[in-house]
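Examining the three-dimensional arrangement
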Amino acid sequence: MDLLPIVPWLLPFLTLPRLTSRTPNLSDAPVAGGELVSVIVPARNEAATIRTLLSSLLATRYHPVEIVVVDDRSTDDTAAVVSTVSDPRLRLIRGDELPQGWYGKPWACYQGFRAAQGSLLLFTDADTHHHPELLGRAVGALSQEGAGLVTVSPRQRCVTFWERVVMPQIWFLLALRYHPPAVNRGRQERDVIANGQFILTTRQAYEAAGTHKVVSHEVAEDLALAQAYLRRGLKLHFAFAEQFMETRMYQNLAQLIEGWSKNIYLGGRRSFPGQPLLQALVPLMLTVAMLFWLAPPILLLCSTFIGGLRDVTGAAITASAASTLFWMLMCRQMQIPAIYGAGYPLGALMALYIVARSTWRGSRRVEWRGRVYGGT
């Protein structure tokens, strides 16, 4: 059998050394303390997860710390759940009405900043879980690196079938595009990113970058905020922290579709600031990335029923087997049972649907947590 046709599906294996690297790692940072850290939690309809987050935050070994939860006008019991947690370090703020020109999360973060007292600010999401050493090491990294902002890559916890077959597809693209060492070397806006699940910054740097005011109408506000820091000449440090933090972004398929439909197209465009051609090509690039993985099983299926294609059956089987092995390795890397790698065609197909849905909606209709935003 001629192996040349399957070479493209062998090339992804060359990315494995990069994808399996865990340097820089937050475990290499010293444990620091002393400065007041204000942990700001924007929370809208987070009743199912916020108690777990607060328990982990209050178990921190870092001192001193205050936790400011901004209830972003939730329609569930988020505020009631927070109110049952009694600790002098915890404050609940009822968020104001969303102003014109703001998306919900940047507005909640900004309100938290205005209420915060610390010289250090940590913005974190309600669906995260923090190890007791996480904050101390992140503050240590901030000082050690002389950075204005520290962000981390946590463990992405995937539980349901669709999480386990779709999340690796999207995480693979993000890991290739924004590998921490490359982000830390970045000198252009298109090279940098921050993970909104964990953004630690000095108050001085945050104010110099323009606060969340400069990303008020950004869906991918974390990405845009990192670009604002770079524009101001402020250093970013991105580190792996899977042993210190985990998050489960979505609880089911409906949330997964809604969340990535919100982010993938607009975030993709934001990742190429000032480059209109590349911005226009984002849907094509994402579509080709998914079709690449779908091509071998589709060709194999067609060759089964179309006599003229039977000569390519062997190549299609080999390319499909190589793809399956690759995704099994990716699943293991994400601490997902390897067997889910065999479901990669379903993951790619669902990701393709999400790309199409996200592109179709664009900024005309952005939905999240019961809010619908319309834009230009």
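Note: the structure precedes this text.
Residues numbered from 1 in each chain as written. Predicted model: local features only at pLDDT ≥ 70, side-chain atom pairs only at ≥ 80, totals over all residues. Heavy atoms only, no water.

Things to note about the overall build of the protein chain
As a reminder of what qualifies: Secondary structure counts use DSSP, requiring at least four H or I residues in a row for a helix and at least two E residues in a row for a strand, with both numbered from the N terminus. The size measure is the radius of gyration over C-alpha atoms, and the globule rule it meets is 2.2 Å times the number of residues to the 0.38 power. Burial classification: accessible surface area is computed with a 1.4 Å probe over protein chains only, and a residue below 20% of its type maximum counts as buried, one above 50% as exposed, and the rest as partly exposed. Note on contacts: a residue pair is in contact if any heavy atoms of the two residues lie within 4.5 Å. Reported accessibility uses the Shrake-Rupley method at a 1.4 Å probe radius. Residues are deemed covered only where the shown protein chains occlude them. As used throughout, the charge tally considers Lys and Arg to be positive and Asp and Glu to be negative, leaving His and the chain termini uncounted. In plain terms, the charge of a residue is placed at NZ if it is Lys, CZ if Arg, CG if Asp and CD if Glu.
Along the protein chain, the regular secondary structure elements total 13 helices and 12 strands. At 22 Å, the protein chain has a C-alpha radius of gyration in line with the 21 Å of a compact globule built from 376 residues. Oriented by its inertia axes, the alpha-carbon framework of the protein chain measures out at about 70 × 45 × 40 Å. By residue count, 54% of the 376 residues in the protein chain fall in the buried class. Taking contacts inside the protein chain between residues at least 6 apart in sequence as the whole, the part at least 24 apart equals 79%. Within the structure as shown, the protein chain displays about 16300 Å² of accessible surface, and the carbon and sulfur contribution to it stands at 58%. Looking at the protein chain, you have 36 positive and 28 negative side-chain charges, and the mean spots of the two groups are 3 Å apart.

Quick word on the sheet that holds strand β2 (residues 65-71)
Two modes of strand pairing occur in sheets, parallel and antiparallel, and in both the strands are linked by backbone hydrogen bonds. Stated formally: We treat two strands as partners when DSSP finds at least two bridges between them. Here, axes are lines fitted to C-alpha atoms. For helices the fit covers the stretch in contact, and angles between N-to-C directions go from 0 to 180 degrees.
One open sheet accounts for seven strands, arranged β3-β2-β1-β4-β8-β6-β9; its pairing is mixed. Every other strand in the sheet has two partners, leaving β3 (90-94) and β9 (236-240) as the edge strands with one partner each. Looking at each pair of strands side by side, their axes are set apart by 20° on average, direction ignored. Relative to β9, strand β6 (residues 149-153) runs parallel, the two being bridged by five bridges. Note that in β9 the partner of Thr 151 across the bridge is Phe 238.

With respect to the packing of aromatic side chains
Short version of the rule: The criterion for an aromatic pair is that two Phe, Tyr or Trp rings (for Trp, the six-membered ring) have centres within 6.5 Å, with stacked assigned to planes under 30 degrees apart, edge-to-face to planes over 60 apart and tilted to the rest.
One pass over the full model with this rule turns up 20 aromatic pairs. Ring centres 5.6 Å apart and planes at 35° place the aromatic pair Trp 102 and Tyr 110 in the tilted group. Exposure class is identical for Trp 102 and Tyr 110. Each is buried. With 5.4 Å between their ring centres and 85° between their planes, Phe 326 and Trp 327 make a pair best called edge-to-face.

Thoughts on the sheet that holds strand β7 (residues 155-156)
Across the sheet, which stays open at both edges, the three strands sit in the order β5-β10-β7 with mixed pairing between neighbours. Of all the strands in the sheet, the pair left with one neighbour each is β5 (128-130) and β7. With three bridges connecting them, β5 and strand β10 (residues 245-247) associate as antiparallel partners. Residue His 130 lies in a different strand from β10, and its bridge partner there is Met 245.

A word on helix α4 (residues 104-115)
Inclusion rule: Take the residue count of a helix, subtract one, and multiply by 1.5 Å to get its expected span.
With 12 residues, α4 extends 17 Å from end C-alpha to end C-alpha; this agrees with the ideal 16 Å at 1.5 Å per step. Burial within α4 is extensive, with nine of its 12 residues counted as buried. If you check which residues of α4 are buried, you get Gly 104, Pro 106, Trp 107, Ala 108, Cys 109, Tyr 110, Gln 111, Gly 112 and Phe 113. Packing partners of the buried residues in α4 comprise β1 (37-43), β2, β4 (120-124), α8 (203-209), α9 (221-231) and β12 (371-373).

Focus: the packing of helix α11 (residues 276-305) against helix α13 (residues 344-361)
Just so we agree on the cut-off: Here is the rule for angles: anything less than 35 degrees is roughly parallel, anything more than 145 is roughly antiparallel, 65 through 115 is roughly perpendicular, and the remaining ranges are oblique. Should the near helix be turned counterclockwise from the far one by less than a right angle, the crossing is left-handed, whereas a clockwise turn marks it as right-handed. When residue character is reported, Ala, Val, Leu, Ile, Met, Phe, Trp, Tyr, Cys and Pro are called nonpolar, Asp, Glu, Lys and Arg charged, and the others, Gly included, polar.
For the pair α11 and α13, the least separation of the axes is 9 Å and the interaxial angle reads 155°. Viewed along their axes, α11 and α13 adopt a mutual orientation that is roughly antiparallel. In this structure, the crossing between α11 and α13 has a hand that is left-handed. Here α11 contributes Pro 283, Leu 286, Thr 287, Met 290, Leu 291, Trp 293, Leu 294 and Pro 297 to the contact with α13, which in turn contributes Tyr 344, Pro 345, Ala 348, Leu 349, Ala 351, Leu 352, Val 355 and Thr 359. When the residues that make up the contact of α11 with α13 are grouped by side-chain class, the tally is 14 nonpolar, two polar and no charged.

As for the pattern of salt bridges
Basically, it comes down to this: Only one rule defines a salt bridge in this text: a Lys or Arg side-chain nitrogen within 4 Å of an Asp or Glu carboxyl oxygen.
According to the stated counting rule, one finds 15 salt bridges in the structure shown. Here Glu 133 and Arg 61 are joined by a salt bridge, their closest N and O atoms 3.1 Å apart. You can see Glu 133 sitting in the loop between β5 and α5 (134-145) and its partner Arg 61 sitting in the loop between α2 (50-58) and β2, a full 72 residues away along the chain. Overall, the relative accessible area of 22% leaves Glu 133 in the partly exposed class. Classification of Arg 61 by relative accessible area gives exposed; the value is 57%. One network of salt bridges, in which partners are shared, links Arg 61, Glu 133 and Arg 137.

Here's the deal with the environment of Tyr 250
Of note, Tyr 250 is situated in the loop between β10 and α10 (253-270). When the C-alpha atoms of Tyr 250 and Val 214 are compared, they prove to be 27 Å apart, with 36 residues separating the residues in sequence. Excluding residues that lie within four positions of it along the chain, Tyr 250 makes contacts with Glu 163, Met 167, Gln 255, Leu 256, Gly 259, Trp 260, Asn 263 and Trp 368.

Comments concerning the nonpolar core
Put simply, the rule reads: For the purposes of this section, nonpolar cores are sets of buried Ala, Val, Leu, Ile, Met, Phe, Trp, Tyr and Cys residues that join through side-chain atoms within 4.5 Å.
Within the largest apolar cluster, 37 residues are counted, with the highest numbers of intra-cluster contacts made by Leu 26, Val 37 and Leu 200. At the level of secondary structure, the elements contributing two or more residues to this core comprise β1, α2, β2, α3 (78-83), β4, α5, β6 and β8 (198-202). Examining the composition of this core, we find that six residues originate from one element, α5, more than from any other. Residues in contact with Leu 200, not counting those within four places in the same chain, are Val 37, Leu 120, Leu 121, Leu 122, Ala 138, Val 139, Leu 142, Gly 148, Leu 149 and Val 150. Formed by 30 residues, the second largest nonpolar core is a distinct cluster that contains Ala 209, Ala 220, Leu 223 and Leu 236.

Notes on α2
Of all the positions in α2, only Ile 50, Leu 53, Leu 54, Ser 56, Leu 57 and Leu 58 are classed as buried. Buried positions along α2 lie against β1, β2, α3, β3 and β5.

From the geometry alone we can't say anything about function, so treat these as descriptive.
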